[in-house]
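Per-entry structural report
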Amino acid sequence: EAEIEVNDALMRFFDHCDKFVTCVEENETAMYQVNAFKEGPEMKKVLEKVASALCLPVKELNADLVQVAFLTCSYELAIKNVTSPWCSLFSEEDAKVLEYLNDLKQYWKRGYGYDINSRSSCILFQDIFQQLDKAVEESKSLKPISSPLIVQVGHAETLQPLLALMGFFKDEEPLRANNFARQAHRKFRSGRIVPYAANLVFVLYHCDQGNTSKEEYQVQMLLNEKPMLFHHSNKTISTYADLKGYYKDILQNCHFREECELPKANSTATDEL
């Protein structure tokens, strides 16, 4: 019987961020690394192999078509638990190349590639902490918690920027078209970060047995039902005060409207990014 509110400004922040839409979403040059990898030696090898298996000239295939075949294989395996005929075209090494191609796209379009990707999500990040603040204040005032459970539904495009804003799954070296081999053990694997039914849960605890008032309220984060290690403590639980302190700059100084303003007319989108 719960009332459902559609709030695209919050859950589809990327559609409402002019800088992201103009400089990344609709800017072909922003995906330079993705396009370069499509033309690189790793993809060329996969193309030649697939063309040979299909008895087609290589010129009739491209990276996008091969990726569609690979995704069809992946979807049927994940959703229907059947091995698609398309899977026979690919070896494990081919899959690693095609996985990297998708990760490159997610990295540059939704992850760490450009600051605006993650900065545009601060409106959602701040909303989460406002809800947690409200629960803490109600608890301190001995009032019933007005919203003991809050469920917000979005897409991978909602969750990936938010996780990047918080600094999770960030590699020392950016993902690029020319460092596929060096990124074999990368943290940024979009298929593991935002798989089907991806979810991020913040759990707020009221701890009666805390030694200090600071320890009274503690937080845990779970990604896809698995506890996350906080950066500031390297533990899976943090005092709420410490967590807010760690993200103080984002909570206080990330303003959606200012972040999403388009670059001035005398600068290009590429320069701004």
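Computed from a predicted model, the values in this text were never measured in an experiment. (Residues numbered from 1 in each chain as written. Predicted model: local features only at pLDDT ≥ 70, side-chain atom pairs only at ≥ 80, totals over all residues. Heavy atoms only, no water.)

**Things to note about a nonpolar patch on the surface**
- Together, Leu54, Leu56 and Trp86 make up a nonpolar patch on the protein surface, roughly 250 Å² of accessible area in all.
- Within the element layout of this structure, Trp86 appears in the loop between helix H5 (63–80) and helix H6 (92–109). (Patch = residues over 30% accessible without salt bridge, like charges linked within 9 Å, V, L, I, M, F, W, Y side chains within 5 Å. Areas by Shrake-Rupley, 256 points an atom, 1.4 Å probe, with all protein chains shown as cover. Salt bridge = Lys/Arg side-chain N within 4 Å of Asp/Glu carboxyl O. Helix = DSSP H or I, 4+ residues; strand = E, 2+ residues; numbered from the N terminus.)

**Quick word on the state of the cysteines**
- Applying the stated criterion across every chain yields a total of three disulfides.
- One disulfide in the model links Cys73 with Cys87; its S-S distance is 2.0 Å. With the S-S bond torsion at 105 degrees, the cross-link from Cys73 to Cys87 turns out right-handed. With a gap of 14 residues between them, Cys73 in helix H5 and Cys87 in the loop between H5 and H6 connect regions that are remote in the sequence.
- Its relative accessible area of 9% is what places Cys73 among the buried residues.
- Covalently, Cys122 is tied to Cys254 through a disulfide, its sulfur atoms 2.3 Å apart. What sets the handedness of the Cys122 and Cys254 disulfide is the S-S torsion sign, and at about -80 degrees it is left-handed. Here Cys122, found in helix H8 (residues 122–140), pairs with Cys254, found in the loop between helix H12 (248–253) and helix H13 (256–259); they are 132 residues apart in sequence, far enough to count as distant. An identical accessibility class is assigned to Cys122 and Cys254; each is buried.
- Numbered by position along the chain, the disulfide-linked cysteines of the chain connect as 1-6, 2-3, 4-5.
- With no disulfide of its own, Cys23 lies 8.7 Å from the sulfur of Cys17, the closest cysteine sulfur. (Disulfide = S-S within 2.5 Å. Buried < 20%, exposed > 50% of the residue type's maximum accessible area, 1.4 Å probe, protein only.)

**Details of the confidence of the model for the chain**
- In this model, the chain carries an average pLDDT of 94, and 96% of its residues clear a pLDDT of 70 or more.
- Per-element averaging of pLDDT across the chain places helix H14 (residues 269–272) at the bottom with 54 and helix H7 (residues 115–119) at the top with 98. (pLDDT = per-residue confidence, 0-100.)

**Side note on the side chain of Gln220**
- Take Gln220: it is sitting in strand S2 (residues 217–223).
- Residue Gln220 is classed as buried on the basis of its relative accessible area, which comes to 16%.
- Residue contacts for Gln220: discarding those within four places in its chain leaves Val201, Phe202, Val203, Tyr205, Pro227, Phe230 and Thr236. (Contact = heavy atoms within 4.5 Å.)

**Some details on the environment of Lys49**
- Within the fold, Lys49 resides in helix H4 (residues 41–53).
- Along the sequence, Lys49 and Arg182 sit 133 residues apart, while their C-alpha atoms lie 23 Å from each other.
- Excluding anything up to four places from it in sequence, Lys49 contacts Leu89, Phe90, Ser91 and Asp94.
- Looking at Lys49, its side chain comes within polar contact range of the side chain of Ser91, at 3.3 Å. (Polar contact = N/O pair within 3.5 Å; in protein donor to acceptor, adjacent residues only side chain to side chain.)

**Structural notes on the packing of aromatic side chains**
- Enumeration over the complete set of coordinates arrives at 16 aromatic pairs.
- Relative to Phe202, the ring of Phe129 lies with its centre 6.3 Å away and its plane at 70 degrees, an arrangement referred to as edge-to-face. Residue Phe129 is found in helix H8, and its partner Phe202 is found in strand S1 (residues 200–206); the two are separated by 73 residues along the sequence. For the pair Phe129 and Phe202, a shared accessibility class is recorded, and that class is buried.
- Grouped by ring-pair contacts, the aromatic residues Phe125, Phe129, Phe202, Tyr240, Tyr246 and Tyr247 constitute a single cluster.
- Over the ring of Phe14 we find Arg110; its NZ or CZ atom is 4.8 Å from the centre of that ring. (Phe/Tyr/Trp six-rings, centres within 6.5 Å; stacked < 30°, edge-to-face > 60°. Lys NZ or Arg CZ within 6 Å of the ring centre and 35° of its normal.)

**Focus: the environment of Leu10**
- With respect to the secondary-structure elements, Leu10 resides in helix H1 (residues 8–11).
- Looking at Leu10, the relative accessible area reads 9%, which means it is buried.
- With 183 residues separating them in the primary sequence, Leu10 and Ile193 have C-alpha atoms 21 Å apart.
- Ignoring any residue separated from it by four or fewer positions in sequence, one finds Leu10 in contact with Ile123, Leu124, Asp127 and Gln152.

**A closer look at the packing of H8 against helix H9 (residues 156–165)**
- For the pair H8 and H9, the least separation of the axes is 9 Å and the interaxial angle reads 75 degrees. Taken as axis vectors, H8 and H9 run roughly perpendicular relative to one another. Seen from H8, the contacting residues are Cys122, Leu124, Phe125 and Ile128; seen from H9, they are Thr158, Leu162 and Leu165.
- The residue makeup of the contact of H8 with H9, split by class, is six nonpolar, one polar and no charged. (Axes fitted to C-alpha atoms, helices over the stretch in contact; angles between N-to-C directions. Parallel < 35°, antiparallel > 145°, perpendicular 65-115°, else oblique. Nonpolar A, V, L, I, M, F, W, Y, C, P; charged D, E, K, R; others polar.)

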